[in-house]
Amino acid sequence: MSNKDKKFTGDRVRTEHDCSGMRIAVIGLGSMGLGMATTLLRCGAEVIGYDPKPEAINRLRDSGGTAAASPGEAARNARVVVSVVVNADQTEGVLFGDDGCVETMARDGVFISCATMAPERARDLCRRTEARGLHFLDAPISGGSQRAAEGALTVLASGSEAARGRAAPAIDAMAETVYQLGDEAGQAAAFKMVNQLLAGVHIAAASEAMVFAAREGLDLKQVYDVITRSAGNSWMFENRMPHVLDGDYTPRSAVSIFVKDLGIVMDMARESQFPVPIAGAALQMFLMSSSAGMAADDDASVARLYAQMSGIDLPGMDGGANPGTRAAGAKAAT
């Protein structure tokens, strides 16, 4: 997809930017970060990446990027640093830890923080980064690994005008849709937490519904076909339930991510004394899935937890080739 085809939302102001020849560091080369790095390479940037896992570094090299031994080395003289780590603590380490980015980035450079975190943590990291003469863009992302590799992410961005301007070439390359959500870090983080509340609830509800259907002895592929064309559909049902149908829980997004994110929602709600009972129930399902040994598995594993608790077979589980059979038999016997 070319830049001219991309849709930018929020203030709906679109300016063409070119990142050819720009030195851009990407910290965190998991499924999202690697896709973002390869997109930047295709757009002509000089990409230097860091990840603690050697296999991730090797994948970047294979794509034409340069590997670094630390965040600081990757960020040396970089005008833009894109941080694609898991949480606020890891972001803080990337910025201010041993051989962190603030010591080596190009003067007046911008740090693009893509991790999901509480708004107050984003504001704190921004203050400390700006105190070092650098810029900070609060820019959580959505879209998954495939859209990251296509340069088609959704970016929720908030930060100073200077931060937005310096980040624009990289953001333009990586995103299909950009929401400009304010002039202060933390605003985008708050928007992302609203999204994560809904996403977590929808995954838990989709998992519950699919195993309920199995308990009723229904053909799960037919259930998927009917629901995705009916009012009960959600993006998460449509995206995650094929993992259940295939019995494939290779992590695209892990259970542990929603333990973290819904935990942040609960902390925010507790601080403001706002009730979030549905989010709380979803969090318990992710916590139980994690405790059952599925923390690193795909977040659709919540369906497996429901199945285990109910004695129901799903694809990939023992006897799960025809998941409705056992459930129908059990129902008939009661």
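Provided above is the structure to which this section pertains.
No experiment lies behind these values; they were computed from the predicted model shown.

In this section: the pairing of strand E5 (residues 110-113). Along E5, one buried face is formed by Val-110 and Ile-112 and the opposite face, lined by Phe-111 and Ser-113, is buried too. Relative to E5, strand E4 (residues 80-83) runs parallel, the two sharing 4 bridges. Each residue of the ladder has a partner; that of Val-81, found in E5, is Phe-111. Crossover E4 to E5 through helix H4 (residues 88-96) is right-handed. Across 4 bridges, E5 lies against strand E6 (residues 135-138) in parallel orientation. Residue pairing across strands places Val-110 opposite His-135, the latter belonging to E6.

A few words now on the packing of aromatic side chains. With the rule as written, the count across this model stands at 3 aromatic pairs. Between Tyr-224 and Phe-237 the ring centres are 5.9 Å apart and the planes differ by 10 degrees, which places this aromatic pair in the stacked class. Taken together, the residues span a long stretch of sequence, with Tyr-224 in helix H9 (residues 220-227) and Phe-237 in helix H10 (residues 235-246) at a distance of 13 residues. Residue Tyr-224 shares its accessibility class with Phe-237, and that shared class is buried. A cation over a ring is seen here: Arg-128 above Phe-96, with NZ or CZ 4.4 Å from the ring centre. It is Arg-304 that lies over the ring of Tyr-249; its NZ or CZ is 4.1 Å from the centre.

Definitions and limits used
- Residues numbered from 1 in each chain as written.
- Predicted model: local features only at pLDDT ≥ 70, side-chain atom pairs only at ≥ 80, totals over all residues.
- Heavy atoms only, no water.
- Buried < 20%, exposed > 50% of the residue type's maximum accessible area, 1.4 Å probe, protein only.
- Helix = DSSP H or I, 4+ residues; strand = E, 2+ residues; numbered from the N terminus.
- Pairing = 2+ DSSP bridges.
- Right-handed = clockwise from strand over helix to strand, strands pointing away.
- Phe/Tyr/Trp six-rings, centres within 6.5 Å; stacked < 30°, edge-to-face > 60°.
- Lys NZ or Arg CZ within 6 Å of the ring centre and 35° of its normal.

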